[in-house]
Amino acid sequence: MARRRSTPWIYRWSRWLIGGVALAGMLVTAYLTIAKITNREVACPTSGCDVVLNSPWATVFGIPLSLFGFVAYTGMLSLAALPLLLREPQQKELRRQAEATTWLLLFLGAIAMASFSGYLMYILATEIKASCSYCIASAVFSVTLLLLTIVGHEWSDRGQLFFNGVIVAVITLVGVFGIYNARLANTDGPGIPVVNTSGPAEMALARHLTQVGAVMYGAYWCSHCHDQKELFGKQAVRELNYVECDPNGAKPQVERCRAKGIQGYPTWEIHDQLYSGTRSLRELSRLSNYKGPMNFKNE
């Protein structure tokens, strides 16, 4: 009598492994999303995390990119867990159908995530030129999910699977290129243009800050720097003493930033004291002893 072939262990545990990796990805992206929304610095073993997370690539349509990652990982966890929840004997046929459908969705989702992560790693190395352990971890999670979906299931037609994967990868990359290229092409030079207009109070404060020797240190890609500029408005920003710290920005003064020990952006230097982070106009008024009009239109 022929022995029944045993099911490989990877087939039996693949959904649990996918769920575990997806859960780890959810925790990382949830932490980054909360830090981004609350404007807090992230705890990072390297100095490049805040540089990466405040770059123009860190948001899409004004939404933190990490939030999209959280949704993607949540979807992968849900797809992996769905058939495992169908345990009742009368749910056997339903579970079989869920197995087949969710495996294909898991593979396509993993292909899209891995393709997107590959693009972001390319941007990390060539454009931002900074290291972010959280971003690298997320990329590793995405590739791991893809490998688990390939080896964790007995695919009947790997040729068709490969074809579907290529189609999804191409669609993902074309969409990513379109979104980011259109967004970056709408800027007047490096950085995101300031949209808000300035009122008399913003103009007066900006001139006062310059008169007392206050300096704003920043980088063209820094979203927090852009938020700070929007509080002043585009007319008042021209009155500020702004120092660009990124060598790829307009008229950079990298050595000056290094000499001042600038660690994050924006950083204000007021009366020989350094203040990091986006500051309200009222706080800047207090720090600089500004006594002019306080009816700021952008706050």
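Just above, that's the structure.
Since the structure is predicted, the reported quantities are computational estimates derived from the model, not experimental observations. (Residues numbered from 1 in each chain as written. Predicted model: local features only at pLDDT ≥ 70, side-chain atom pairs only at ≥ 80, totals over all residues. Heavy atoms only, no water.)

Pairing analysis gives 4 bridges linking strand β5 (residues 267–270) to strand β6 (residues 273–276), with the strands arranged antiparallel. Looking across to β6, one finds that Glu269 is bridged to Leu274. Linking β5 back to β6 in an antiparallel pair, the connection comprises 2 residues, with His271 at a positive phi of about 50°. (Pairing = 2+ DSSP bridges. Helix = DSSP H or I, 4+ residues; strand = E, 2+ residues; numbered from the N terminus.)

It is worth spelling out the side chain of His208 at this point. Tracing the sequence through the fold places His208 in helix α7 (residues 200–211). Excluding residues that lie within four positions of it along the chain, His208 makes contacts with Ser288, Asn289 and Tyr290. (Contact = heavy atoms within 4.5 Å.)

It is the contact of helix α4 (residues 92–128) with helix α5 (residues 133–151), at a shortest axis distance of 8 Å, that shows an interaxial angle of 150°. Between α4 and α5, the crossing angle belongs to the class labelled roughly antiparallel. Where α4 crosses over α5, the handedness of that crossing is left-handed. Across the interface between the two elements, Trp103, Leu106, Phe107, Ala110, Ile111, Met113, Ala114, Ser117, Met121 and Leu124 from α4 touch Cys135, Ile136, Ser138, Ala139, Ser142, Leu145, Leu146, Leu148, Thr149 and Ile150 from α5. Residue composition of the contact of α4 with α5, grouped by class: 16 nonpolar, 4 polar and no charged. (Axes fitted to C-alpha atoms, helices over the stretch in contact; angles between N-to-C directions. Parallel < 35°, antiparallel > 145°, perpendicular 65-115°, else oblique. Left-handed = near helix turned anticlockwise from the far one by under 90°. Nonpolar A, V, L, I, M, F, W, Y, C, P; charged D, E, K, R; others polar.)

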